Amino acid sequence: MRAVTWQGKRDVRVENVPDPTIQEPTDAVIRITSTGLCGSDLHLYEVLTPFMTPGDILGHEPMGIVEEVGAGVPDLQAGDRVVVPFQIACGDCWMCLTGLPTQCETTQVTGEGMGAALFGYTRLYGAVPGAQAEYLRVPQAQFGPIKIPEGPSDDRFVYLSDVLPTAWQAVRYAEVPEGGSVAVLGLGPIGDMACRVAQVQGAGRVFGVDLVPERLRRARGRGVETYDLRSFDDEKELVAAIRDVTDGRGPDAVIDAVGTEAHGSAAAKLAQSASAMLPRKISGPFAERFSIDRLAALYTAIDLVRRGGTISLSGVYGGMADPIPLLTLFDKQIQLRMGQANVRRWTDDILPFLTDEDPLGVDDFATHRVPLSDAPHAYEMFQRKQDGAVKVLMKP
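Residues numbered from 1 in each chain as written. Predicted model: local features only at pLDDT ≥ 70, side-chain atom pairs only at ≥ 80, totals over all residues. Heavy atoms only, no water.

1. Details of the domain arrangement of the chain
The condition is simple: Marked domain ranges trace back to an automatic or database domain assignment. Pairs of residues are marked as contacts when any of their non-hydrogen atoms sit within 4.5 Å. Each of two parts loses accessible area, computed with a 1.4 Å probe, when they are put together; buried area is these two losses added. Salt bridge, as applied in this entry: a Lys or Arg side-chain nitrogen positioned within 4 Å of an Asp or Glu carboxyl oxygen. Identification of polar contacts relies on pairs of N or O atoms within 3.5 Å, with a donor-acceptor requirement for protein atoms, meaning one able to donate a hydrogen and the other able to accept it, and with residues adjacent in sequence counted only if both atoms are side-chain atoms. For the purposes of this entry, the term helix denotes a DSSP run of H or I that reaches at least four residues, the term strand denotes a run of E that reaches at least two, and both are numbered from the N terminus. Nonpolar residues are Ala, Val, Leu, Ile, Met, Phe, Trp, Tyr, Cys and Pro. Charged residues are Asp, Glu, Lys and Arg, and all others, Gly as well, are polar.
Here the domain parsing of the chain yields domain 1 (2–162 + 342–394) and domain 2 (164–338). Facing the 43 residues of domain 1 at the interface are 35 residues of domain 2. Carbon and sulfur atoms make up 62% of the area that domain 1 and domain 2 hide from each other, which totals about 3200 Å². On the domain 1 side of the interface with domain 2, the three residues burying the most area are Trp346, Leu360 and Phe365, jointly 19% of the side's total. There are one salt bridge connecting domain 1 and domain 2. One salt bridge connects arginine 172 with aspartate 349, and the closest N-O pair in it is separated by 3.9 Å. The interface formed by domain 1 and domain 2 contains 10 residue pairs in polar contact (both at pLDDT 80 or more). Looking at the side of domain 1 that touches domain 2, the elements with two or more residues in it are helix 1 (39–46) and helix 12 (343–350). For the side of domain 1 that touches domain 2, the element with the highest residue contribution is helix 12, accounting for five residues. Per-class residue counts for the side of domain 1 that touches domain 2 are 24 nonpolar, nine polar and 10 charged.

2. As for the pattern of salt bridges
Evaluation of the coordinates by the stated rule reveals 24 salt bridges. Note that glutamate 67 is salt-bridged to arginine 31, the shortest N-O span being 3.5 Å. Here glutamate 67, found in strand 5 (residues 62–69), pairs with arginine 31, found in strand 3 (residues 28–37); they are 36 residues apart in sequence, far enough to count as distant. One salt-bridge network, held together by shared partners, links Lys9, Arg10 and Glu46.

3. Remarks on the UniProt feature "domain: Alcohol dehydrogenase-like N-terminal" (unreviewed entry) in the chain
Where we set the bar: UniProt positions are given in the numbering used here, feature names are shortened, and annotations may be inferred rather than shown by experiment.
Within this numbering scheme, the UniProt entry marks residues 25–146 as carrying the feature "domain: Alcohol dehydrogenase-like N-terminal" (unreviewed entry). Segment residues 25–146 splits into 10% helix and 23% strand. End C-alpha atoms: 18 Å apart.

4. A short note on the sheet that holds strand 1 (residues 2–8)
Using the following cut-off: Two strands form a pair only when DSSP identifies at least two bridges running between them. With axes taken as lines fitted to C-alpha atoms, and helix axes fitted only over the stretch in contact, angles between N-to-C directions fall between 0 and 180 degrees.
With antiparallel pairing, three strands are arranged side by side in an open sheet as 2-1-4. Either end of the sheet is taken by a strand with one partner, and the two such strands are strand 2 (11–16) and strand 4 (56–57). In terms of strand pairing, strand 1 meets strand 4 through two bridges, oriented antiparallel. Pairing of tryptophan 6 across the sheet is with aspartate 56, part of strand 4. Lying on the sheet, helix 13 (residues 375–383) is in contact with strand 1 and strand 2; it crosses strand 2 at an angle near 160°.

5. A short note on the confidence of the model for the chain
How we decide: The predictor's confidence in any single residue is recorded as pLDDT, a number from 0 to 100.
Per-residue pLDDT for the chain averages 91, and the proportion of residues at 70 or more is 90%. Across residues 262–278, confidence stays below pLDDT 50; counting only partners more than four residues off in sequence or on other chains, it has 30 contacts. In this model residues 282–291 is a low-confidence stretch, pLDDT under 50, and it forms 26 contacts with partners more than four residues away in sequence or in other chains.

6. A word on unusual backbone geometry
Inclusion rule: Accessible area is worked out with a 1.4 Å probe on protein chains only. A residue is then buried under 20% of its type maximum, exposed over 50%, and partly exposed in between.
Positive phi values are uncommon outside glycine, yet arginine 10 reaches one of about 55°. Relative to the elements of secondary structure, arginine 10 occurs in the loop between strand 1 and strand 2. For arginine 10, a relative accessible area of 48% puts it in the partly exposed group. The backbone of alanine 127 shows a phi angle near 50°, a positive value even though the residue is not glycine. Inspection of the secondary structure puts alanine 127 in the loop between helix 2 (94–97) and strand 7 (135–138). Taking the relative accessible area as the measure of exposure, alanine 127 reaches 42% and is therefore partly exposed.

7. Quick word on the packing of aromatic side chains
Spelled out, the test is: Under the pairing criterion, centres of Phe, Tyr and Trp rings, with the six-membered ring standing for Trp, must be within 6.5 Å; the plane angle then separates stacked pairs below 30 degrees from edge-to-face pairs above 60, leaving the rest tilted.
This model, assessed by the stated rule, comprises six aromatic pairs. Plain terms: the ring middles of tyrosine 45 and tyrosine 379 are 5.4 Å apart, the flat faces sit at 40° to each other, and that makes the pair tilted. Of this pair, tyrosine 45 sits in helix 1 while tyrosine 379 sits in helix 13, placing them 334 residues apart in sequence. Side by side, tyrosine 45 and tyrosine 379 carry an identical accessibility label, which is buried. Summarising the aromatic geometry, the rings of tryptophan 168 and phenylalanine 353 are spaced 5.5 Å apart at their centres and angled 55° between planes, so their arrangement reads as tilted.

8. A look at the packing of helix 4 (residues 163–174) against helix 12
Which entries qualify depends on this criterion: Oblique is the label for any angle not covered by the other classes, which are roughly parallel (under 35 degrees), roughly antiparallel (over 145) and roughly perpendicular (65 to 115).
In contact at an axis separation of 9 Å, helix 4 and helix 12 are set at 90° when each is read in the N-to-C sense. Here helix 4 lies roughly perpendicular to helix 12, going by the angle between them. Every residue of helix 12 that contacts helix 4 at Leu164, Pro165, Trp168, Gln169, Arg172 and Tyr173 is listed here: Val343, Arg345, Trp346, Asp349 and Ile350.

Below is the structure:
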């Protein structure tokens, strides 16, 4: 089959690889009909290279048609249309039953000290072959795949794999009071969708912050109060502007949808780039102990949120030696919540919104739809924020 493989920093290629097969009774194999390019994939393209191996298959946002199931998968059969969550979880362990499938005790990558295995996301998360491919082996298929109806296009449902539950969890973790206010830092796919989710969950005011004109325009068109970072000399001015319209306090909650590659962190960017250039035998252990993130977005969130408010982190962070202003967090009595989205925890809440009325705007959420063969160009375009790219779907 054809699949998108990682070959090095900013080097992805579409190559022929072996077809997946059933390896365990709880496996399924699906033929992928749509697969997303996620902002998290760009971290592998740029800063998490120490944890990658040439030939790794990328991607974790698939949907498709079941081709084959193992004997331990009673509720799926060939021909079923399914969305596959980005994490791999059993559904039966204590963590899964508590609503934390990203901490699944069956699939935890204990050798790396990490949580549940993820599709296409470094050796830290199991080096499981990813979903930017023609076919995908799905472990723990007795729990993970979400059956969906025939009829609507893939665009209606494909975001159940990651974007929708990640945005949903970000807003729930933010604990925005009914009629309250939330600021979303970063209006890429997750931040954009988080704004929409906050609106349907009852937020009174939603502020969106970015510096890409197309992203700001897109959010503004859906009623978000947008702030262009380029209009301010520094983050302090941005914080002051939003405080001015929130009674001098700041918003009730802030969602950081940027993560480790925030703009405005030159020293950390240099350190990340240097780590990625080290020999492989050195770069991995170095990153595990001394890696740092570009923390401009998180620092802004800490400054911006009102006292007693909540910061919800949905952007991926991977640093092990990050300087965090605990005095400010403690003094402001800020609650901080974070983590990979627990997909199956939220899907039943989200599905009622995936209707013909389309309150979340999923049917036209993608800005680009490209064949799988165009993946190298799609990565470059998305990483450089070119051509108005916010969300890219690939068709094998």
